[in-house]
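Structural description and commentary
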Amino acid sequence: MSDDHTHVQEFFTARAADWDSRFPDDGPAYAAAVADLRLREGDRVLDAGCGTGRALPPLRAAVGPSGVVLGADLTPAMLRAAAEAGRDRHGRLLLADVSALPLRSGSLDAVFAAGLIAHLPHPADNLRELARGVRPGGTLALFHPVGRAALAARQGRRITPDDLRAEPNLRPLLARSGWRMTSYVDEDARFLALAVREG
């Protein structure tokens, strides 16, 4: 396991048990972001870096009983917390690294990724791997329940020009990785970038 992976696992393992209680009001923001993905009954969707699985219930509601919902995370403690919260009833939990998904190419209709991009060791390669798993015309949602400025304030830091989530940085990064950005919102109450898998 790389140092990047070890750092991410250590960070989230230490926080897994009380993660949901630290952010108890995020549910509506997750549901709204999932709605913006415009999933259809029967779609196949991956929650990449699913953490405690807060997106799994709205993803399941969006694709219905005939759809497929997968939640992949690198940290076993987060997946345990998801199962303890009963969210494994809404989707299949996978211990997996988004840099090497255990999925066939083009097998997904969409990827939902909450808070993921800041933890990607090789963003272009990792986003390209997500694109590999999605059919042409499929969609990607890069989401955070608060915007960049609010998150920086919460973490006691300032936004820097090299922030990957800034639109001038994110748009070309997605383009290099097989995605075309279709929408970008960065408000206090949420961050949401939507993209389509290029053919």
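The structure under discussion appears in the preceding block.
Fair warning: this is a prediction, and the values are worked out from it, not measured in the lab.

Looking at the nonpolar core
Looking at soluble globular proteins, one finds that nonpolar side chains tend to be buried together. Counting 30 residues, the largest nonpolar core has L46, L127, L130 and L142 as its most contacted members. Top element by residues in this core is helix α6 (residues 123–133). It accounts for 4 residues. In contact with L130, not counting residues within four places along its chain, are L46, A48, V98, L101, V111, L116, L140 and W179. Core analysis: the next-biggest nonpolar cluster, separate from the first, contains 19 residues, V34, L56, V69 and L192 among them.

A closer look at the side chain of D109
Positionally, D109 belongs in strand β4 (residues 108–114). A polar atom in the side chain of D109 sits 2.6 Å from the side chain of R135.

Looking at the sheet that holds strand β6 (residues 179–187)
Spatial strand order, β3-β2-β1-β4-β5-β7-β6: 7 strands in an open sheet with mixed pairing. Two strands in the sheet have a free side with no partner beyond their single neighbour: β3 (92–95) and β6. The sheet shows a mean angle of 15° between the axes of neighbouring strands, taken without regard to direction. Summarising the sheet, strand β1 (residues 44–48) and β4 pair through 3 bridges and their orientation is parallel. Within the sheet, the bridge partner assigned to L46 lies in β4 and is V111. Packed onto the sheet, helix α5 (residues 76–84) meets β2 (68–73) and β3 and runs at close to 165° relative to β3. Sheet contacts for α6: β1, β4, β5 (134–144), β6 and β7 (190–197); angle to β5, the most-contacted strand, approximately 135°.

The rules behind the values
Residues numbered from 1 in each chain as written. Predicted model: local features only at pLDDT ≥ 70, side-chain atom pairs only at ≥ 80, totals over all residues. Heavy atoms only, no water. Core = buried A, V, L, I, M, F, W, Y, C linked by side-chain atoms within 4.5 Å. Buried < 20%, exposed > 50% of the residue type's maximum accessible area, 1.4 Å probe, protein only. Helix = DSSP H or I, 4+ residues; strand = E, 2+ residues; numbered from the N terminus. Contact = heavy atoms within 4.5 Å. Polar contact = N/O pair within 3.5 Å; in protein donor to acceptor, adjacent residues only side chain to side chain. Pairing = 2+ DSSP bridges. Axes fitted to C-alpha atoms, helices over the stretch in contact; angles between N-to-C directions.

Read these as geometric descriptors, not functional statements.
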